[in-house]
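Structural overview for review
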Amino acid sequence: MPYLYRDSSPRAPAVPKNARPTHSTGQTYKELKAECQQKGMLFEDCDFPANDTSLFYSEKPPVPFVWKRPGEIVKDPQFIVGGATRTDICQGDLGDCWLLAAIASLTLNESTLARVVPPDQDFGPGYAGIFHFQFWQHNEWLDIVIDDRLPTFKDRLVFLHSADHNEFWSALLEKAYAKLNGSYEALKGGSTIEAMEDFTGGVGEMFELKKSPENYYEILGKALKRGSMVGCSIDISNAAETEARTPYGLIKGHAYSVTGIDEINYQGRKVKLIRIRNPWGQVEWNGAWSDNSPEWRSVSPSEKKRLYQTALDDGEFWMEFEDFLSHFDKVEICNLTPDALEDKTMHKWEVTVHQGSWVRGATAGGCRNFIETFWTNPQFRLQLSEKDDGQNECTFIAALMQKDRRKLKKLGAEMLTIGYAIYESPSKEEQLTKDFFRYHSSKARSKTYINLREVSDRFSLPPGNYIVIPTTFEPHQEADFCLRIFSEKKAVTKEVDGNVNIDLPELPEPTSPQQETEEEKQFRALFKQIAGQDMEISAEELQYILNAVLKKSNGNGKLEFNEFKIFWDKLKNWISIFLHFDSDQSGTMSSYELRLALKAAGFQLNNYLLQLIVLRYSDDQYQIEFDDFLNSLIRLENASRVFQALNAKNRDFINLNISEVIALKTQNRSVLN
């Protein structure tokens, strides 16, 4: 069955979904435009000004760029001329071919294009120098507003431009994407799949063509048929090969887009063809089935017309599928999420999304090579209950994305090396600990740890409960992440963060002297020796490590015997816990062990509270000393006692009035103060 994809469609474009306004004024695109129209002025974007800060962060422009509006470059500027097509995308002096390849793929799906490039924008009546575009970021759509001042040199656009010099939608789209990521320079180098996902909210898969399945031609055909975006590239073995040209006219280390796939009758046999586009808008394949190859002489004019075959040097060309497998190395497919698919599409994904963070000293445990800290990474339970149609297993894609790394380039941040592992889960709902991972191997994992924005792989596992653990390769590396699970059938996911659960024992009734044990009598004698005749002990009479406890006693800064005895029992327990987790007897405990130590003391915390405590009490080596461990326990218990006192209805939350808030502040009973 042929799959040929043309540039136009009889269907009306989809109305763009709502997207969150992002301009610093808080105004929407319509509000900003209306304000400019009312004032009779052209919009100037204060968030992305027309100066060098929007261009580069590590260098100055090689030549003096001049920012100009389209009307200052040509006499009759147009937003779109004759429809948005692949020929509107010609690369300029910026290494963002990966982005341009994705834009070329974007033009093949009119509904998807209409969401990224909202319709009804032009240079006609009502023009106010303002445009907007919509991009997906970490499970939400953002509306990016820009002015139309573009960097030029000698009245020509420096970066992305259309083959038609009067057309500006593609140049403005590139500017909006540069604003999203902080600057034009931030767009240098990348993976096509990154931009494809930002245009669709879809999930990417990367295939090595040398290891592709036998039915890969059909896989690509189906992917294109259901609106997926497809890119391809040739690997390089060293930096010197970047953009090197092969004898067949292909460019190494360069991002191409796949724009069509079809079969043709040639000399009595079926030939499988694939159509590729170079975002440069020139430089094409010169082998079999290239624009001027002899194979086309045996093809009828009607077939050529059906395949849109031309001999123009426009960067687009056909090649035989077998040659494609031989000359290209990687294919990236962006599968669309349910909200991006049209209603009539038969195949839809079930999607669940979780946001999380790797925090140094708390949840940045590194990969399985670092067994001492691996278990502290965020954990997500995946429940697979519905088998694929006619199969015994459940198919899903796990996609792990590190957030905002391109935007943080100017601060020196690089892409971290990330990946994940999937374990079969025991029935318990608790977070899995170090001992579990010491004795159990993973059931699946990402193919590799790699420094890409997103790592994704497709899996088929039997129905059951699993734990997905997203990690950086090395521990102590901080980043925010987004974990998405795309499943053929419904899947249930949940972060195994644990409910905050404080198990505080009831305070015991005082023991009369007649009922005291021999140990308690000895303890009373010791207390009397320290306290004196008033049988009260002041904070100054104990080591400083006890001060926080004594000052939180009965309000007068002193402890009576029974209060002191209760505390002494707690202290012995806390010392025992600390010694247990201070395995090397160094006098400090690793912050990564703190979760278990606090739980042993009766405080089960979630990741957020744990991170706050680690931030407050650990040193720069992620170690916690004994007195800081005690301080954290004391403050946790005090906060918990206050909560219990205010929680009259025994619920997981309380409502505080002003007097109660003042009382809390006055008593200084917060967890971290």
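Cut-offs and rules
Residues numbered from 1 in each chain as written. Predicted model: local features only at pLDDT ≥ 70, side-chain atom pairs only at ≥ 80, totals over all residues. Heavy atoms only, no water. Core = buried A, V, L, I, M, F, W, Y, C linked by side-chain atoms within 4.5 Å. Buried < 20%, exposed > 50% of the residue type's maximum accessible area, 1.4 Å probe, protein only. Helix = DSSP H or I, 4+ residues; strand = E, 2+ residues; numbered from the N terminus. Contact = heavy atoms within 4.5 Å. pLDDT = per-residue confidence, 0-100. Phe/Tyr/Trp six-rings, centres within 6.5 Å; stacked < 30°, edge-to-face > 60°.

1. Comments concerning the nonpolar core
In terms of nonpolar packing, the biggest core is built from 53 residues, with Leu99, Phe133, Phe135, Leu172, Tyr177, Tyr184 and Phe199 touching the most fellow members. Of all the elements in the fold, those that place two or more residues in this core are helix H4 (97-106), helix H5 (110-116), strand E3 (130-137), strand E4 (140-147), helix H6 (169-180) and helix H7 (192-200). For this core, the element with the highest residue contribution is H4, accounting for nine residues. Dropping the residues within four chain positions of it, Phe199 is found in contact with Leu99, Ala102, Ile103, Leu106, Thr112, Val116, Phe135, Trp141, Tyr177 and Met229. With 27 residues, the next largest nonpolar core counts Leu220, Ala223, Tyr256 and Phe317 among its residues.

2. A look at the confidence of the model for the protein
Per-chain confidence: the protein averages 82 in pLDDT, with 82% of residues scoring 70 or above. In the model of the protein, helix H14 (residues 547-550) stands out as the element of lowest mean pLDDT, 42, in contrast to strand E16 (residues 418-424), which has the highest, 97. Scored below 50 in pLDDT, residues 541-555 makes 29 contacts in the model with residues more than four places away or belonging to other chains. Long-range and interchain partners of residues 657-673, a stretch whose pLDDT sits below 50, account for 22 contacts in this model, where long-range means more than four residues apart.

3. Structural notes on the packing of aromatic side chains
In this structure the tally under the stated criterion is 33 aromatic pairs. Considering the side-chain rings of Phe374 and Tyr423, the 6.2 Å spacing of their centres and the 55° angle between planes classify their relative orientation as tilted. Linking Phe374 in helix H11 (residues 371-374) with Tyr423 in strand E16, this pair joins segments that are 49 residues apart in sequence. Exposure class is identical for Phe374 and Tyr423. Each is buried. An aromatic cluster of at least three residues, connected via ring pairs, comprises Phe79, Phe123, Tyr127, Phe131, Phe133 and Phe168.

4. So, H4
Note that an α-helix has 3.6 residues per turn; residues three or four places apart therefore point the same way. For H4, the tally of buried residues reaches 10 of 10 residues, placing the bulk of the element in the interior. Of the residues making up H4, those classed as buried are Cys97, Trp98, Leu99, Leu100, Ala101, Ala102, Ile103, Ala104, Ser105 and Leu106. Here the buried face of H4 lies against H5, H6, H7, strand E8 (229-233) and strand E9 (255-266).

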